[in-house]
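Structural features, examined
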2 protein chains.
Amino acid sequence: MREPKALTFDVFGTVVDWRTSIAREGRAFGERHGIETDWDRFADDWRGLYQPSLARVRDGERPWTRLDDLHRESLRTLLERRGVIVGKGGVSDASVDEFNRAWHRLDPWPDAVEGLTRLKRRYVLATLSNGNVALLVNMAKRAGLPWDAVLGAEVARRYKPQPDAYLTTADLLGLSPGECMMVAAHNDDLRAAGSLGFRTAFVRRPAEHGPDQVRDVRAEDAFDVVADDFIDLAEALGA
Amino acid sequence: MREPKALTFDVFGTVVDWRTSIAREGRAFGERHGIETDWDRFADDWRGLYQPSLARVRDGERPWTRLDDLHRESLRTLLERRGVIVGKGGVSDASVDEFNRAWHRLDPWPDAVEGLTRLKRRYVLATLSNGNVALLVNMAKRAGLPWDAVLGAEVARRYKPQPDAYLTTADLLGLSPGECMMVAAHNDDLRAAGSLGFRTAFVRRPAEHGPDQVRDVRAEDAFDVVADDFIDLAEALGA
């Protein structure tokens, strides 16, 4: 394998543990506002509305909308389904917005910072996420994620797996797709990147969806690298 | 003054010393290819073609073109003016391209890394440069510039001082212009940013254009901060 020059990373689930982080923030939000619900389930439900909300942008049903705004719409839907009043007489819009920004405060998997720090010595590290730039910048600053560049869907105005999300990121890095390696815990993401000429690295994140995870528990294609975590990835890439 | 959340940086001349770096790379290029010229003057001439080349993109005379490509065109013009043959029988295109990438290898001013490292603890640090993303990422990696985000002209497809270069950068950071402070050694850049609502910080770089510099030797407007270097800027901003 010719060595890549840049590693481009999926973020939600691959770099950060969204489920545990959102459930924790949900419990704090619930305590502040007297809302009782299963917050692990709430995190799953919120993430469950993610792909349908992206699909409406991808399909052209609505114009480009950043993920923060899609997340907020989904959050309001889920709160209303649980009988929570938002706005006048209920939970303030500012409080909902503060909870929505929990996606800016996701904790990294325990190996992520150490692995990225090692990989950064040898490769350009860029996000290639559906998260908007502000979300990813704020997350990186809080968690210490040492990105060289924060790119992906928002700068391309295309959500993965649309090709331009990948191709625009490579182009902004001044690289051909073959000089980039997509790193993700999700088979679909890697298949999309690989079909465009990206190298591919699957990192196992078997607890992303909690203890009963069934999808993406293993690499389903012949990806260039399969690793157990980011330290294993650094070893595999000689970093 | 309300405190800004992000500092957005002009790069050429403000963060890095392009003139000394380009002249040094020119001397090495000249030695490799037997070209004798005044390389300080060459650096000035190359930079002198910068604004005219940007102007043709800004004015719509030509479609969006990244700075690497504008730089390469200017370089070929300057080499040809000095009688250097490029291509068959002369200096190879690959050698010209390698010299063109000297802009990816500019050295920071001596205070830049220490000042940025201090400022990063308190603020989001983003480039707001006419340099393309790859140029800025490669420069940062070599020089140790700790950007949180590499943004500016290329992601907006507008060259400063066009408003969208500034406004798109603020928008991608999820901030209003008033939550951003433009840092530059150039009065025009700060005036353009300030007219859009950005806070402004002038940093003196009296040797940017060499020993006989006449422009931008001092702040010509009432900018929010005027500093002698990035450490002075960090002091002024309490970082």
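Everything that follows concerns the structure shown earlier in this document.
Read on for an overview of the structure. Keep in mind the model is a prediction, meaning the values are calculated, not measured. (Residues numbered from 1 in each chain as written. Chains lettered and ligands numbered in written order. Predicted model: local features only at pLDDT ≥ 70, side-chain atom pairs only at ≥ 80, totals over all residues.)

Notes on the nonpolar core
Filter applied, for reference: The term nonpolar core refers to a set of buried Ala, Val, Leu, Ile, Met, Phe, Trp, Tyr and Cys residues connected through C-beta atoms within 7 Å. Buried means a residue has 20 or more other C-beta atoms within 10 Å of its own C-beta, exposed means 12 or fewer, and partly exposed covers the counts in between; C-beta atoms are placed from the backbone. Whether two residues are in contact is decided by their C-beta atoms, placed from the backbone, lying within 7 Å.
Residues L173 of chain A together with L173 of chain B are the most contacted members of the largest nonpolar core, which totals 146 residues. The contact partners of L173 of chain A, leaving out residues within four places of it in the chain, are A6, V124, A126, A149 and C180 of chain A together with V133, A134 and V137 of chain B.

Details of the relation of the copies chain B and chain A
Threshold: We superpose the copies by least squares over the C-alpha atoms of residues that have a pLDDT of at least 70 in both of them.
Note on the identical chains: chain B maps onto chain A by a rotation of 180° and an axial translation of 0.0 Å, with an RMSD of 0.0 Å. As the rotation angle and translation indicate, the two copies are arranged about a two-fold axis.

Describing the environment of V84 of chain B
Residue and element names in this part refer to chain B. Note the threshold: Helix numbering and strand numbering both begin at the N terminus, where a helix is a DSSP run of H or I of at least 4 residues and a strand a DSSP run of E of at least 2.
Its place among the elements puts V84 in the loop between helix 4 (67-81) and helix 5 (93-100). Along the chain, V84 and N187 lie 103 residues apart, while their C-alpha atoms are 36 Å from each other. Contact partners of V84, with chain neighbours within four places excluded, come to I35, L79, G90 and V91.

Brief notes about the environment of S21 of chain A
All names here are of chain A. Examined against the element boundaries, S21 turns out to sit in helix 1 (residues 18-33). Taking the number of C-beta atoms within 10 Å as the measure of exposure, S21 has 19 and is therefore partly exposed. Separated by 74 residues in sequence, S21 and S95 have C-alpha atoms that sit 17 Å apart.

Thoughts on the interface of chain B and chain A
Cut-off, in case you're wondering: Each residue is assigned to one of three groups, with Ala, Val, Leu, Ile, Met, Phe, Trp, Tyr, Cys and Pro labelled nonpolar, Asp, Glu, Lys and Arg labelled charged, and all others, Gly among them, labelled polar.
Each side of the interface is counted separately: chain B has 14 residues, and chain A has 14 residues. Counting residues per element, the ones that place at least two in the side of chain B that touches chain A are helix 7 (133-143), strand 3 (149-152) and helix 8 (153-156) of chain B. Examining the composition of the side of chain B that touches chain A, we find that five residues originate from one element, helix 7 of chain B, more than from any other. Considered class by class, the residues forming the side of chain B that touches chain A number ten nonpolar, one polar and three charged.

Quick look at the packing of helix 4 (residues 67-81) of chain A against helix 5 (residues 93-100) of chain A
All names here are of chain A. Let me state the cut-off plainly: Note on geometry: axes are lines fitted to C-alpha atoms, helical ones only across the stretch in contact, with angles between N-to-C directions running from 0 to 180 degrees. Here is the rule for handedness: rotate from the far helix to the near one, and if that takes an anticlockwise turn smaller than a right angle the crossing is left-handed, while a clockwise turn gives right-handed.
Two elements in contact, helix 4 and helix 5, have axes whose closest approach is 10 Å; the angle formed by their N-to-C orientations is 120°. Considering the relative orientation of helix 4 and helix 5, their crossing is right-handed. Facing helix 4, whose interface residues are D68, H71, R72, L75 and R76, helix 5 presents V96, D97, F99 and N100. Its residues assigned to classes, the contact of helix 4 with helix 5 comprises three nonpolar, two polar and four charged.

Section: the packing of helix 1 of chain A against helix 2 (residues 39-48) of chain A
All names here are of chain A. Our working definition: In this scheme, roughly parallel covers angles under 35 degrees and roughly antiparallel covers those over 145, while 65 to 115 is roughly perpendicular and the rest are oblique.
Following both chains from N to C, one finds helix 1 and helix 2 inclined at 120°, their axes separated by 8 Å at the closest point. Classified by the interaxial angle, the pair formed by helix 1 and helix 2 is oblique. Relative to helix 2, helix 1 is oriented so that their crossing is right-handed. Residues W18, R19, I22, A23, G26, R27 and G30 of helix 1 lie in contact with helix 2, whose contacting residues are W39, D40, F42, A43, D44, W46 and R47. Of the residues contributing to the contact of helix 1 with helix 2, the split by class is seven nonpolar, two polar and five charged.

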